[in-house]
Amino acid sequence: MDVDEDDIEKANPPSYDRSEDLASLLYLNESSVMHCLRQRYGGNLIHSYAGTNMVVINPLSTPSMYSEKVMHMFKGCRREDSAPHIYSVAQTAYRNLLTTRQDQSIVLLGKSGSGKTTNCQHLVQYLVSIAGSTGKLFSAEKWQAVYTILEAFGNSSTAMNSNASRFSHVVSLDFDQTGQVASASIQTMLLEKLRVSKRPEAESTFNVFYYMLAGADSSLRTELHFNHLAENSAFGIHPHAKPEDKQRLAQQFTKLQAAMKVLSISGEEQKALWLILGAIYHLGAAGATKDGDEAGRRQFARHEWAQKAAYLLGCTLEELSSSIFKHQTKGLQHATSFRGGPDEAGQGDGSGPKVSALECLEAMATGLYSELFTLLISLINRALKSSQHSLCSILIVDTPGFQNPRLAQQHRGATFEELCQNYTQERLQTLFHERTFVQELERYKEENIELALDDIESSASLSVAAVDQASTQALVRTLARTDEARGLLWLMEEEAVQPGGSEATMLERLFSYYGSAQGVNKGANLLLRGAKPHLFLLGHSYGTDWVEYDTQGWLSHAKHNPAAQNAASLLQDSQKKNISGLFLGRATGATVLSGSIAGLEGSSQLALRRATSMRKTFTTGVAAVKKKSLCIQVKLQVDALIDMVRRSKVHFVHCLLPKAEAVTGGDLRVTHGDSPDSGLMTLDLGLLRAQLRGSKLLDALRIYRQGYPDHMVFSEFRRRFDVLAPHLSKKHGRHYIVTDEKRAVGELMESLELEKSTFHMGLSRVFFRAGILSRLEEQRDVQTRRNISMFQATCRGYLARQAFKKRKIQDLAIRCIQKNIKKNRGVKGWPWWKLFTTVRPLIEVQLTEEQIRGKDEEIQQLKQRVEKVEKERNELRLNSDRLESRITELSSELADERNTGESASQLLETETSERLRLEKDMKDLQARFDSMKKQMESMEMEVMEARLIRASELNGDLDDDDTGGEWRLKYERAIREIEFTKKRLQQESEDKLEVEQQNKRQLERRISDLQAENDESQRNIQQLKKKTQRLTSELQDTKLHLEGQQSRNHDLEKKQRKFDSELSGAQEEAQREKTLREKLAREKDTLAGEVFGLRQQLQDKDLEVCAVNLKLDQLDAELQDLNSQESKDEASLAKVKKQIRDMEAKVKDQEEELDEQAGTIQMLEQAKLRLEMEMERLRQTHAKEIENKDDEVEEIRQSCSKKLKQMEVQLEEEHDEKQKVLKDRRELESKLLSAQDQVRGGDVETEKRLRKDLKRTKALLADAQIMLDHIKNNAPSKREIAQLKNQLEESEFTCAAAVKARKSMEVEIEDLHVQMEDISKTKQALEEQLSRLQREKNDLQSRMEEDQEDLNELMKKHKAAVSQSAQNLAQISDLQAQLEDALKEKQDIQEKLQAVQSQLDFQEQSMVEKSLVSRQEAKIRELESKLEFERTQVKRLETLVARLKENLEKLTEERDQRSSSENREKELNKRLHRQMRDIKEEMGELAKKESEASRKKHELEMDIESLEAANQSLQADLKLAFKRIGDLQAAIEDEMESDDNEDLINSLQDMVTKYQKRKNRTQGDSDTDSEVEDRVDGVKSWLSKSKGSAKNFSDDGSLKSYSPTGRIRYFYDRSDEEEEGE
């Protein structure tokens, strides 16, 4: 298929096929928008954003996207965070209402059947469900009932839609301070009430008639007289014949009755509605006579059906007949039927002055239904109203869509009602144009913002003006037709009151004002003639939707029929109380405005304000005079609607029709999802393209993309986004007042680091590109959340401190109470206190009773006062409410009176001016009449004089008759000469005329050729304009894309700067951490030196203690010697005891010094522990900071991972080097382990030796303790023996546990060493990687700078190309100007040709020579040469355009190459990002292992230190025991060698005998004294060995033998036995 190159538009990448926002497309053109909508519709995505607007394509099936779950998904979301949906529009309007406290309105635009009413229902359900209401007054069920009733009484089946709305309505939702729905109301207008009696073919009346005929039960049928239905009806209301249709309609009637119950419409009120509907049906069945009876009276055709109608209405047949057929105005003309054909048109010409009986009957039916519909709206508003205070409201506007019978394949003209609905849509479309284009451009102009936009097409004011344009003399009551242009509605009103007015004269006047007589060019005019005289074409939606209207019978809409006015009085005077009560109550309230707008009742302030606004529309200016005109009411109703919407923030929803026959029947449904192209096949692309062009969405998207759609006042922007720059608020103070708001906002913008192309500073406000303000809002939300979290933390800390203080106070109070309780216990038994406690309550009882009585009386008085005040307050509230309502009523009445007065004064002024003008005209005419009279008199005098002269000449001829023959001959000869010359001149003139005609034909051929060439050049110019527009649009798209790239580069630079600053901070932190570690290491070394010195001091002290213990042992030995000597007296014993006490005191002093030294050691150990813990804490904080910096490191790694392979090679080399280092380290570790084994072996040997010494020490200590007990108490103490035994066992257990723990600690320390080495290795590797990454980052930065330079060069080239294109455009404009000059010269040539033609005619008459003709031909040749020159100029222009196109294609190729390179770099960055993420995870795992290992190491070091301390204490005890044992052994050997051995032996024998005696007395303690018995047996054996064979022990314990060498053998035997036992 061959396609013209100019018709090809740029396509977007596949990623934009289902873009949610049409404004985000890379290339914005009609084809791309169509493709995006088509793809989304094929995927069952019927909603799309179009900048600030919403586009909805009506689905052919009911999608499951309107559930309550979906509602809650959109609750609280911003528009930027939510997908396109009709709920998103409602949420945006609700969010704006809460933030700005400004009224919002949602306007739905589109053709009939595009889903406007359905979307209106979804909007209302969402707002009611999400916002909620106080006391659940408004529920989704109630609103579903409202729409069920409205669909029944206001919808019908048409050619475009099976359930089309036939009225316009506005849903008003009023909200209170908390954002809940406080009240609601519905206002209706433009009801197509004539549909009750007449309608086009294949269309039905309102649905409620069919519901009632099919679904009424037997009792209701009997009451409505529906048992026998009429076969014929003048209104064409017949029940459905199919059973399935009857069943469906009966279900709908049941649903309708249930909906009325939900809205609290009582049974009597429902019955009144059914009675009126039944009466309308019976009136249609009754019919009317065509031309009256024989006497010429108008009456019913079938009186029995009329009698039924009168019974249902509660009146007599005579009253009904007189209301319909009598009291008719005689001046009214006969009108043809509603949509009469050619036969009825002929009747209108010869009709009489009276209105026909059928028209009177139809007027009564329409009046009854209009009153019924108005009553129904008032009942609905009664169920929705509320007395709660409301702050602002949301208006939802739903009107019938565009109607075009040709679109539904109907061969008929559109009706007047369809013209009214189309006119309403045109006015709403004009409002959209005003809000989207006009106001935006005016705002830019006011703020001195230069915006290069294409020429925005003017609004649809021509088609609107052709309908409603008023003349300046509209207030003057005149029957004269004037030449001033006015609209169709005004012409209908004028022609209706004119004596000879008709539709033909109305059309002629309309075409004389707005139309084109030929009607060949639809682009030039929006009003054309039709194929027939009574048809005309009107171009709606900027000429994209041409509708053919049939004007037959239209003047009847402008004439008042008293039958329609008598309907209200007939219902009010009804004998049935349920009917009269409803309509009498409604007649007192202002529910209908001039019979046009229903639903203005309401008690809320917003409802009263809306009613006042609409009344003002109907009582101001022209409306005050024309408000009772039936045609002008259409304009006034739409004016009221537009004025009400214009006061609020408007959100537009464009509903598109997928195809013409989408909803013509109720059975046509297509299910989405059967195939991916099912939705694509159902789209009519031509229809969709026409709707896009008619709605001007592309222009709106262009101005949205190229302009600054978001704007805020300087002060508001600063107050709202000041939280993003806290340093500015700190600088200026908390509540600072700024004198220069623009400067403050500029500082705020600099701190936010926004790119300059994304915003513009106006004179009073700041403007933003699309999406920038939403990004700032998101940053503000994040900062606000952070501030709130900090505030919560501060509050919690404050509350915790207060709770702690309270707990301290409670603790103090508890102590006070405890103290008081203790005191109370002390005086509890005191008799005076008992007397005081019993007497004091008795004293206070009487006082408290009197106080209570007084308080009760005061309470009663206060209650009475409160009740009285409450009553007064309620009364005042009621009075204030009543007065407020009265004030509002009076103010509305006063406004009405003032407006009527103003209109009357204006009318008087206009009439006065008209009278003065007429008087002036009359004076002018009188003056002209006088002048003409004088001229006439002078002419009469001249005529009389001429007659007298003629008579005198005749008399002279008679006298001179003799001389007359000669003169007669001369006269005849002269006559012959004159005839000859005449013939000769005539021949010459004919020859000249033939030549001139030939020349003229040649000139005409040349002129036709020139015109053809001119038309061709015009077509070429149009094509060039189209090309230039396409190129400029593509250039704008490229410019926007370039701005996006620049903003992206700006963001990247901003992130790079932030990362560099954070990296430098991290490096400084690492350096600071390194210095702290070095400082801590130095402190640790100093503390280790101090600990070593203290340990040396401790060892010295231990040596001193050992020496003291030696001395103590010597003293004990001396004490024993003294005790053994019986000859020593008490004085020496006391002296020895005193010395012992002195030595014990010295020992205590030494122990205290040792305790102090141990305390200092412990303090040093704690300081060391604290330092290690501080190091650990710093290490953990450093690890956390490293984790926090991981994100920035990832970004670095993204830019630095291009050289990963080089890094791997370097890592392998470094790995080899590390393996060598590890081998060396392992060798060192093996040496260290061998040294540790040697040390451990030495420790084991020392432990064995110490264990043996400990055993010997135990034996010696046991003997020494036995001897001391014998000395002190002459009997051993069990308690002390058990204590010593426990101490020894504990020391053994601790020694064994210490050995085991030391072994386990050594193993764990080895593991920790290994782990620490691995961690240090990985850490060093990561640090090396980080340094390499830093180097690579620097390389990448250099590359980025090079790329930036390339980009700058490309920008320079692009700017040069743009400047060249601008120059070319300037040349094009110059050439266009030259073409215009050529056209002007052409016009001059045509004028000259006309002048030449006139000169030729003159030459033919005056015999001018042919030289003039030759000069004219020379001039024509000059003009032809000029035209040839212009052709060459046009060709040169085409070559310039081609060259410009080639340059632009080169730029696009370079840009595509740049974008492809950027995509490759992005893919490489993503791959490196994944690799760096893996490295980050490994680093995290290593950090965790390092922290775990450090923790275990710390715990093990603590355990080792405790065990070392225990081991040191045990070693000190062992040393002390060794010394004591050595002293005891030396003492015993000395005693054995001395002469006093017998005394010692005797003393030991005495001790053993005493023990044996005590044992015999206490036989039950053998288990506890087993070890003592063993020691006594050892003493026995020792004594026996030491005595030899001379002495032995007897059975009663006497000593038998002794051996001096037995002592040493005893100790060694005991020690060997104990070793074997262990």
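Residues numbered from 1 in each chain as written. Predicted model: local features only at pLDDT ≥ 70, side-chain atom pairs only at ≥ 80, totals over all residues. Heavy atoms only, no water.

Caption draft 1: Region of interest: unusual backbone geometry. Even without being a glycine, His225 presents a positive backbone phi close to 60 degrees. Here His225 lies in the loop between helix H7 (218–224) and helix H8 (243–262). Backbone geometry places Tyr542, a non-glycine residue, at a positive phi of 60 degrees. Exposure remark for Tyr542: the relative accessible area of 13% places this residue in the buried category. (Helix = DSSP H or I, 4+ residues; strand = E, 2+ residues; numbered from the N terminus. Buried < 20%, exposed > 50% of the residue type's maximum accessible area, 1.4 Å probe, protein only.)

Caption draft 2: Region of interest: the packing of helix H5 (residues 140–154) against helix H6 (residues 207–215). Interaxial distance between H5 and H6 falls to 5 Å at its minimum, and their mutual angle equals 100 degrees. Classified by the angle between their axes, H5 and H6 sit roughly perpendicular to one another. Of H6, the residues touching H5 (which contributes Glu151, Ala152 and Phe153) are Asn207, Val208 and Tyr211. By residue class, the composition of the contact of H5 with H6 is four nonpolar, one polar and one charged. (Axes fitted to C-alpha atoms, helices over the stretch in contact; angles between N-to-C directions. Parallel < 35°, antiparallel > 145°, perpendicular 65-115°, else oblique. Contact = heavy atoms within 4.5 Å. Nonpolar A, V, L, I, M, F, W, Y, C, P; charged D, E, K, R; others polar.)

Caption draft 3: Inspection of the pairing of strand E8 (residues 392–398) at higher detail. When you tally the buried positions in E8, you get seven out of seven residues, the bulk of the element. A two-sided burial pattern is seen for E8, the buried positions comprising Cys392, Ile394, Ile396 and Asp398 on one face and Ser393, Leu395 and Val397 on the other. Bridge count between strand E6 (residues 168–175) and E8: seven bridges; the pairing is antiparallel. The residue bridging Val171 from the neighbouring strand is Ile396, located in E8. (Pairing = 2+ DSSP bridges.)

Caption draft 4: Broad picture of the nonpolar core. Grouped together as the largest cluster of nonpolar side chains are 141 residues, with contacts concentrated most on Trp143, Phe153, Trp274 and Tyr369. Take this core: its biggest share by element is 17 residues, from helix H13 (residues 357–384). Contact partners of Trp143, with chain neighbours within four places excluded, come to Val124, Val128, Phe138, Val171, Leu173, Ala184, Ile186 and Leu384. One finds Val397, Leu428, Ala558 and Val645 within the second-largest nonpolar core, a separate group that totals 55 residues. (Core = buried A, V, L, I, M, F, W, Y, C linked by side-chain atoms within 4.5 Å.)

Caption draft 5: Layout of the confidence of the model for the protein. Per-residue confidence for the protein averages 76 on the pLDDT scale, and 72% of its residues sit at or above 70. Across residues 662–681, where pLDDT falls below 50, the model places 36 contacts with residues more than four positions away in sequence or in other chains. (pLDDT = per-residue confidence, 0-100.)

Caption draft 6: Structural view of the sheet that holds strand E16 (residues 759–761). Strand order in the open sheet formed by three strands is E15-E17-E16, and the pairing between neighbours is antiparallel. Lying at the two open borders of the sheet, with one neighbouring strand each, are strand E15 (710–713) and E16. Adjacent strand axes in the sheet meet at a mean angle of 20 degrees when their direction is disregarded. Here E15 runs beside strand E17 (residues 765–768); their pairing, made up of four bridges, is antiparallel. Each bridged residue has a counterpart across the sheet, and for Met712 the counterpart in E17 is Val766.

Caption draft 7: Fine view of the packing of aromatic side chains. One pass over the structure, following the stated rule, counts 21 aromatic pairs. Here the aromatic rings of Phe717 and Phe721 are separated by 4.9 Å at their centres, their planes lie at 45 degrees, and the arrangement is tilted. On the criterion of helical spacing, the pair formed by Phe717 and Phe721 is a turn pair, its members being four residues apart in helix H26 (residues 714–721). When sorted by exposure, Phe717 lands in the same class as Phe721, which is buried. Directly above the ring of Phe511 sits Arg529, whose terminal nitrogen or CZ lies 4.3 Å from the centroid. Over the aromatic face of Tyr311 sits the side chain of Lys576, whose NZ or CZ is 4.5 Å from the ring centroid. (Phe/Tyr/Trp six-rings, centres within 6.5 Å; stacked < 30°, edge-to-face > 60°. Lys NZ or Arg CZ within 6 Å of the ring centre and 35° of its normal.)

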